[in-house]
Amino acid sequence: MTTLRPFTCNDMFRFNFVNLDPLTETYGLTFYLQYMAHWPEYFQLTEAPGGEIMGYIMGKAEGHGTNWHGHVTALSVAPDYRRLGLAAKLMSGLEEISEKKQAYFVDLFVRVSNTVAINMYKNLGYIIYRTVLEYYSGSPDEDAYDMRKSLSRDVDKLSVVPLTHPVRPEDIE
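Under an unreviewed UniProt entry, the chain has the name N-alpha-acetyltransferase 20 and belongs to Simocephalus serrulatus. Under the heading Subunit (unreviewed entry), UniProt records this for the chain: "Component of the N-terminal acetyltransferase B (NatB) complex which is composed of NAA20 and NAA25." Per UniProt, the chain carries the Sequence similarities (unreviewed entry) text "Belongs to the acetyltransferase family. ARD1 subfamily."

1. Describing the pattern of salt bridges
Scanning all chains against the criterion turns up 12 salt bridges. Residue D11 pairs with R5 through a salt bridge whose shortest N-O separation is 2.8 Å. On the basis of relative accessibility, which here comes to 1%, the residue D11 falls in the buried class. The buried category is assigned to R5, whose relative accessible area is 18%. Two residues, R168 and E134, come together in a salt bridge whose shortest N-O distance is 3.3 Å. Of this pair, R168 sits in the segment after β7 (142-150) while E134 sits in strand β6 (residues 127-136), and the two are 34 residues apart along the sequence. Each of the salt bridges in this network shares a partner with another, and the network as a whole consists of R5, D11, R14 and E47.

2. Comments concerning the packing of aromatic side chains
Within this structure, the stated rule accounts for 14 aromatic pairs. Summarising the aromatic geometry, the rings of F7 and F43 are spaced 4.2 Å apart at their centres and angled 10 degrees between planes, so their arrangement reads as stacked. Here F7 is found in the loop between β1 (3-6) and α1 (29-38), whereas its partner F43 is found in the loop between α1 and β2 (44-47), with 36 residues between them in sequence. Across this residue pair, the class does not change: F7 and F43 are buried. Ring centres of F43 and Y56 lie 6.3 Å apart, and the angle between their planes is 50 degrees; this geometry places the pair in the tilted category. Separated by 13 residues along the polypeptide, F43 in the loop between α1 and β2 and Y56 in strand β3 (residues 53-62) bring together distant segments of the chain. Using a relative accessible area of 0% as the deciding quantity, one classes F43 as buried. Judged by its relative accessible area of 0%, Y56 is buried. The structure contains a cluster of three or more aromatic residues connected by ring pairs, namely F7, F15, Y27, F31, Y32, Y35, W39, F43 and Y56. Lying over the aromatic face of Y136, R111 brings its terminal NZ or CZ to 4.3 Å of the ring centre. In this structure, R148 packs its charged tip against the face of Y129, placed 3.7 Å from the ring centre.

About the criteria used
Residues numbered from 1 in each chain as written. Predicted model: local features only at pLDDT ≥ 70, side-chain atom pairs only at ≥ 80, totals over all residues. Heavy atoms only, no water. UniProt positions renumbered as here; feature names shortened; annotations may be inferred. Salt bridge = Lys/Arg side-chain N within 4 Å of Asp/Glu carboxyl O. Buried < 20%, exposed > 50% of the residue type's maximum accessible area, 1.4 Å probe, protein only. Helix = DSSP H or I, 4+ residues; strand = E, 2+ residues; numbered from the N terminus. Phe/Tyr/Trp six-rings, centres within 6.5 Å; stacked < 30°, edge-to-face > 60°. Lys NZ or Arg CZ within 6 Å of the ring centre and 35° of its normal.

Rendered as structure tokens:
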């Protein structure tokens, strides 16, 4: 049976193989620790019966007023455990936490070339809100889609009215 549980400090030594996917952003140790300290409820993992980490989600709550929202910083599932619905389960958990915090929406950034993830997010009810030019560094830099899903507090769904023009990373609130 798969277990969904909070990410712990000890998991820092066990989750590297989940990050081997070239489309998964990898951060420094202090970045992960900061998320565990500030938003522990948003940092969850799925674990196989044998104790292997199958995937994880890391996020936070941020913004002010009608821009108060849950944000998915990272979502990754190990290749051996893909297409089992784990990403959807992790996303659902983050959305539930965001609902409890009375957020207006959940957002995330995804590479425009990552069509598998984009289609998965669309199937989960997310829309492409805007394009962020040169969001991901590389050679060359790559654009990102800012994808959003409104939550129950956004009765008029104003948080998911797509922008018609792209923005730059420095223009993001």
